[in-house]
Amino acid sequence: MPTNNEIAVRRFYEALSTGDTALVDEALAAKWEAVPPLRTGGGPEGWKASIAHLRGVFSDLTIEIEDVVVNGDMVAVRAVNRAKQTGELLGVEGTGREVEFRAADFHRVVDGRIVQTWHLEDYFAIATQIGLEFTRGA
């Protein structure tokens, strides 16, 4: 049986997966903080803007939660994301390529709402799958 903390965290991912930003208001505290900070701004409105941006870059976006670990007010999530890159990302116009990338997040939950999220994402996997090439320096 999921805890209230896990339920709040699952809503966070469901909002991204479905585009239903009403779930953001159920999942996040008013002063939610993302680490590192989002380019779209802070708080729930920043996450809603990020959802819109990401769903514009990645069509058919799905998030598969592989692991959830709850320890008191902390909830750790390991997930794999799959989508088609149809919008500009990292200076690369939409390629139509299928991409798969992993992410790990650590959420602190207070009174049933996420107050802080630490996010790590495999940007290298995304970059190589959309065609960016990396060369060794001299």
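Criteria and thresholds
- Residues numbered from 1 in each chain as written.
- Predicted model: local features only at pLDDT ≥ 70, side-chain atom pairs only at ≥ 80, totals over all residues.
- Heavy atoms only, no water.
- Pairing = 2+ DSSP bridges.
- Helix = DSSP H or I, 4+ residues; strand = E, 2+ residues; numbered from the N terminus.
- Axes fitted to C-alpha atoms, helices over the stretch in contact; angles between N-to-C directions.
- Contact = heavy atoms within 4.5 Å.
- Buried < 20%, exposed > 50% of the residue type's maximum accessible area, 1.4 Å probe, protein only.
- Core = buried A, V, L, I, M, F, W, Y, C linked by side-chain atoms within 4.5 Å.
- Expected span 1.5 Å × (residues − 1).

Draft legend 1. Representation of the sheet that holds strand 3 (residues 74-85). On the basis of which strands lie adjacent, the open sheet formed by 5 strands has the order 1-5-4-3-2 and mixed pairing. Sheet topology places strand 1 (28-35) and strand 2 (58-71) at the edges, where each strand pairs with a single neighbour. Adjacent strand axes in the sheet meet at a mean angle of 25 degrees when their direction is disregarded. Across 8 bridges, the pairing between strand 4 (residues 98-110) and strand 5 (residues 113-121) is antiparallel. Across the sheet, Ala 104 pairs through a bridge with Leu 120, a residue of strand 5. Across the sheet, helix 3 (residues 43-57) touches strand 1, strand 2 and strand 3, and the angle it forms with strand 1 is around 60 degrees.

Draft legend 2. Highlighting unusual backbone geometry. Val 35 connects to Pro 36 through a cis peptide bond whose omega is 0 degrees. The topology assignment puts Pro 36 in the loop between strand 1 and helix 3. Positive phi, normally seen in glycine, also occurs at Asp 60, with a value near 55 degrees. Within the secondary structure layout, Asp 60 lies in strand 2. Exposure remark for Asp 60: the relative accessible area of 58% places this residue in the exposed category.

Draft legend 3. How the structure looks around the nonpolar core. Among the nonpolar cores identified, the biggest contains 30 residues, and Val 9, Phe 12, Leu 28, Trp 32, Trp 47, Phe 58 and Ile 114 are the most heavily contacted of them. Every element with two or more residues in this core is listed here: helix 1 (4-18), helix 2 (22-27), strand 1, helix 3, strand 2, strand 3 and strand 4. A per-element tally of this core places helix 1 first, with 6 residues. Non-local contacts of Leu 28, meaning those with residues more than four positions away in its chain, are made with Phe 12, Pro 44, Trp 47, Arg 113 and Ile 114.

Draft legend 4. Structural view of helix 3. With 15 residues, helix 3 ought to run about 21 Å at 1.5 Å a step, and its terminal C-alpha atoms sit 21 Å apart, in line with that. Residues of helix 3 that are buried: Gly 43, Pro 44, Gly 46, Trp 47, Lys 48, Ser 50, Ile 51 and Val 57. Buried-residue contacts for helix 3 involve helix 1, helix 2, strand 1, strand 2 and strand 3.

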